[in-house]
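# Chains, contacts and geometry: an overview
Listed below are the residues making up each chain.
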Amino acid sequence: MDFRGREESRKAASNARRHTAAVTPAERMTVRAKWVPCANVGGTADLFFSLSHGVNSVGWAFLFFPGPRAPLSYCHHICFCIGRRTTMKELKNRDIPYKIYLSEDEMPRYWYNVRADMVNKPAPLLNPGTLQPMTAEEMGQVFCAELVRQEMDNDTKFIPIPEDVRNFYRMYRPSPLVRAYCLEEKLGTPAHIYYKFEGNNTSGSHKLNSAVPQAYYAKRQGLKGVTTETGAGQWGTALSMACAFFHLECHVYMVKCSYEQKPHRREVMRTYGAAVTPSPSSTTEVGRRILAENPGTSGSLGCAISEAVEVAVKTPGYRYVLGSVLNQVLLHQSIIGLETKTALDKYGITPDVVIGCAGGGSNLGGLISPFVADRLRGRTGTRFVAVEPAACPSLTRGKYAYDFCDTGKVCPLAKMYTLGSGYMPAAIHAGGLRYHGMSTVLSELHDRGILEAISVPQSTVFKMAELFARSEGILPAPESGHAIYGAIQEALRCKEEGKAENIVFGLSGTGYFDMVAYGNYNDGKMQDYLPGDEEIAASLAKLP
């Protein structure tokens, strides 16, 4: 058949309602028939569907009715403009793709600084010697000059991403937002689960988002190299990649237990040209002191930070860079949340809850920042949930107070939720979450009741990670398993309450270098460790 007149257009629109009844409720659609010239188009009487999305539209379904096996000068084009949030929550699964991709042109050109929208700003860093707020000059002895400006800027809402950084980002960004259809089916939940997958680069995690700009600013400043710490090894891997790209030397202090548990991660860093030292080590003054005070310690991020800072300060042409905790890092990681929000906006979706793992706060802070802005402005009631390891529960069992950012007490003091800078977490496999403190931004949000927090033992984390892997086909990092646990708990709550809420969580990285951990879990050898109240109290008693 060959539709050519307006009467036929009206008939086609009516037929389309019947054809698409299984796709979306007809009574909730506005149907507009439009005559579109298509030169020399041939086809059969079959019905074809395609789906595309414009910048300002929620969704457009294009239906083509070609003629009977003959060239046509016209084909019929019917557009369905789908409604906003309430309609989208009722759509069938097929209306939202499994993966929502953005084009390179849609990748953010600015980082978002959530501090600009916070009425109560994070407290300033304090000089460990004077206990007065750090000046830019003092911070410049440790950090790159531009990073110092970003760290101290509480007012500029959007900060341009340098073009050289965006060019590097294009190698692996934008990252996909995935609808977890298979996990939803496995759980039998009416909830809609989405995860932002940050593991699609060689570093295997979100850490590259901040490593690239930090290396770029170091190179632009004319520095020779940088030092840093790494827990699970993802940040160290990311920084070694970025330094190789910008021709910088890189010295990584890797937490000792991770250095031993994850030799392959260590070799990736060395492949990109980094020098890797297990921490605490005998190569620094602070490392020797920590070893003397804690013989046989498995190390911590706080220890590794102390060693990296000492070397940076003592080595000409070097600066220290950090993969989490600091404001500058959350700023760079806001690209995660900005892309997530853009992808959700394409389908008119507002999240009911956003969830992330929490160690120092880089992934969680970057994911939630744009959504926090909407809540702070009164536009949404979105909840935010941090999931941390029960073995290192800074948000759930720590104290909101000024504390040293490192174990050696050579770094500035930050007002944050902390277990005490001397707290030595058990050697759990989520090495990236073994930090005694928390981002000052997230700490302030938690103190104000905007950010919720829960903790979970690692055996439960791996149980949920395994469920996710068997459902969605991705092997998650142990750190990401914490966010998965939080998302599954929310989905099961929705199942119990009969609510079809939108759940978004951050899948911060992959676990392909964590096979020793998965082996321990599969062999039934994994042990949980929950610190006692007395242990935490003793550590907190030593706060400055």
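Being a predicted model, the structure only gives us computed values, none of them experimental. (Residues numbered from 1 in each chain as written. Predicted model: local features only at pLDDT ≥ 70, side-chain atom pairs only at ≥ 80, totals over all residues. Heavy atoms only, no water.)

## Regarding the nonpolar core
Condition: Residues belong to one nonpolar core when they are buried, are Ala, Val, Leu, Ile, Met, Phe, Trp, Tyr or Cys, and are joined through side-chain atoms within 4.5 Å. Classification of residues uses two cut-offs on accessible area relative to the type maximum, computed with a 1.4 Å probe and protein chains only: under 20% is buried, over 50% is exposed, and between them is partly exposed. We call two residues contacting when some pair of their heavy atoms lies within 4.5 Å.
One finds Tyr169, Ile368 and Leu445 to be the most contacted residues of the largest nonpolar core, which totals 72 residues. Each residue touching Ile368, except ones within four places of it in the same chain, is listed here: Val354, Phe384, Leu442, Leu445 and Leu451. Grouped together as the second largest cluster of nonpolar side chains are 27 residues, Leu187, Tyr195, Phe197 and Val456 included.

## Some details on the pairing of strand β14 (residues 353-357)
Put simply, the rule reads: For helices the rule is a DSSP run of H or I covering at least 4 residues; for strands it is a run of E covering at least 2, with both sets numbered from the N terminus onward. At least two DSSP bridges between two strands are needed for those strands to be called paired.
By the criterion of burial, β14 is predominantly enclosed, with 5 of the 5 residues buried. Alternating positions in β14 separate into two faces, Val353, Ile355 and Cys357 on one and Val354 and Gly356 on the other, with burial throughout. The pairing of β14 with strand β15 (residues 383-389) spans 5 bridges and is classified as parallel. Note on β15: the bridge partner recorded for Val353 is Arg383.

## Remarks on the confidence of the model for the chain
Defined as follows: Summary of the metric used: pLDDT quantifies the predictor's per-residue confidence within the range 0 to 100.
Chain-level statistics for the chain give a pLDDT mean of 85 and a share of 83% at 70 or above. Every residue in residues 1-93 is under pLDDT 50, and counting partners more than four places away or in other chains gives 167 contacts.

## A look at helix α12 (residues 301-314)
Threshold: Given the number of residues in a helix, its expected span is that number minus one, multiplied by 1.5 Å.
With 14 residues, α12 should cover 20 Å at 1.5 Å per step; its first-to-last C-alpha distance of 20 Å lies within 8% of that length. Across the 14 residues that make up α12, a large majority, 12, are buried. For α12, the complete set of buried residues consists of Leu301, Gly302, Cys303, Ala304, Ile305, Ser306, Glu307, Ala308, Val309, Glu310, Val311 and Ala312. Summarising the contacts, the buried residues of α12 are in contact with β10 (225-230), β11 (249-255), β12 (275-279), α11 (285-293) and β13 (318-320).

## Describing the pattern of salt bridges
Where we set the bar: Salt bridge criterion: a side-chain nitrogen from Lys or Arg within 4 Å of a carboxyl oxygen from Asp or Glu.
Per the counting criterion, the structure on display carries 29 salt bridges. Asp117 serves as the salt-bridge partner of Arg377, at 2.7 Å between the closest nitrogen and oxygen. One end of the pair, Arg377, is in the loop between α14 (362-376) and β15; the other, Asp117, is in the loop between β6 (110-112) and α3 (136-139), and 260 residues separate them in sequence. According to the relative accessible area criterion, Arg377 is partly exposed, its value standing at 36%. A single salt-bridge network, built from bridges that share partners, covers Arg383, Glu452, Glu490, Arg493, Glu497, Lys499 and Glu501.

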